[in-house]
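# Residue-level structure breakdown
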Amino acid sequence: MKLILIAVLVCVELIHASSDCPKIVSRSRWGARSPKEAQAITVPVEYVIIHHSVTPTCLDEDACSKRLISIQNYHMDQKNFSDIGYNFMIGGDAKVYEGVGWNKQGTHTKGWNSKSIGIGFIGNFSTEAPEKKQLSVAKKLIRCGVDLGEIGENYKLLGARSLRPTDSPGDALYKEIQNWKNFVRTP
Ligand SMILES: *[C@@H]1O[C@H](CO)[C@@H](O)[C@H](O)[C@H]1NC(C)=O
Ligand SMILES: *[C@@H]1O[C@H](CO)[C@@H](O)[C@H](O)[C@H]1NC(C)=O
């Protein structure tokens, strides 16, 4: 009886842990190119950095996939990054898209890439913040990262503008993330 109870509790715990992670559209699903090289990062990372892409937004998986392909091409061919710059991106369809993913170094914030996860919202959020469902899925992704041990429990959340000369993540989104858990203005 006791054993059954423990087994049930373990199962509930497992279901709980996995249900905290949003579905992630994988690289192969959106059609990513192979990276030139991939550099691992030491986890858990201490920082989560929020960006916007300053591109048009996208409202379904097909359009968002095309957008990611174009961002990856720009980063690899024009900027000579080894891969798409962000660890993850959030589409206007409120889906999470895998960039370089967990455990790998992005190219989003010079000097901070080896100790952070960079999340890029697809769109320009200078005057209007992303929709609530986009914000929710991003927060869920961060919690998931903490649960997986990819992000430290006492992580600091920053807007890209605090770390390099940029407007990113846009005034409206920057205002929004100030209400998020663990937000700091300066590291
Ligand atoms: C592009 O990056 C690679 C690897 O970091 C480097 O060896 C190469 O010189 C760079 N090319 C240009 C044009 O900057
Ligand atoms: C982003 O939006 C702001 C406000 O609408 C605008 O001034 C800016 O030019 C936009 N940026 C780009 C690159 O389109």
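In what follows, the accompanying structure is described. Everything quoted here is computed from the prediction, not taken from an experiment.

Thresholds, definitions, all that
Residues numbered from 1 in each chain as written. Chains lettered and ligands numbered in written order. Predicted model: local features only at pLDDT ≥ 70, side-chain atom pairs only at ≥ 80, totals over all residues. Heavy atoms only, no water. Buried < 20%, exposed > 50% of the residue type's maximum accessible area, 1.4 Å probe, protein only. Helix = DSSP H or I, 4+ residues; strand = E, 2+ residues; numbered from the N terminus. Pairing = 2+ DSSP bridges. Near = heavy atom within 4 Å. Polar contact = N/O pair within 3.5 Å; in protein donor to acceptor, adjacent residues only side chain to side chain. Areas by Shrake-Rupley, 256 points an atom, 1.4 Å probe, with all protein chains shown as cover. Nonpolar A, V, L, I, M, F, W, Y, C, P; charged D, E, K, R; others polar.

### Concerning the pairing of strand E5 (residues 116–121)
Along E5, six of the six residues are buried, which leaves the element largely enclosed by surrounding structure. Burial of E5 is two-sided: the residues Ser-116, Gly-118 and Gly-120 facing one way and the residues Ile-117, Ile-119 and Phe-121 facing the other way are all buried. Across six bridges, strand E2 (residues 45–52) lies against E5 in parallel orientation. Paired with His-52 across the two strands is Phe-121, which belongs to E5. The sheet contact formed by strand E3 (residues 88–90) and E5 spans three bridges and is parallel. Across the sheet, Ile-90 pairs through a bridge with Phe-121, a residue of E5.

### Overview of the site of ligand 2
The environment of ligand 2 is formed by Val-54, Asn-124, Ser-126 and Thr-127. Between ligand 2 and Asn-124, the relevant distance is 2.3 Å, taken from an oxygen atom to a side-chain nitrogen or oxygen of the residue. The fraction of the free accessible surface of ligand 2 (360 Å²) that becomes covered by protein chains is 33%. Looking at side-chain class alone, the shell around ligand 2 contains one nonpolar, three polar and no charged residues.

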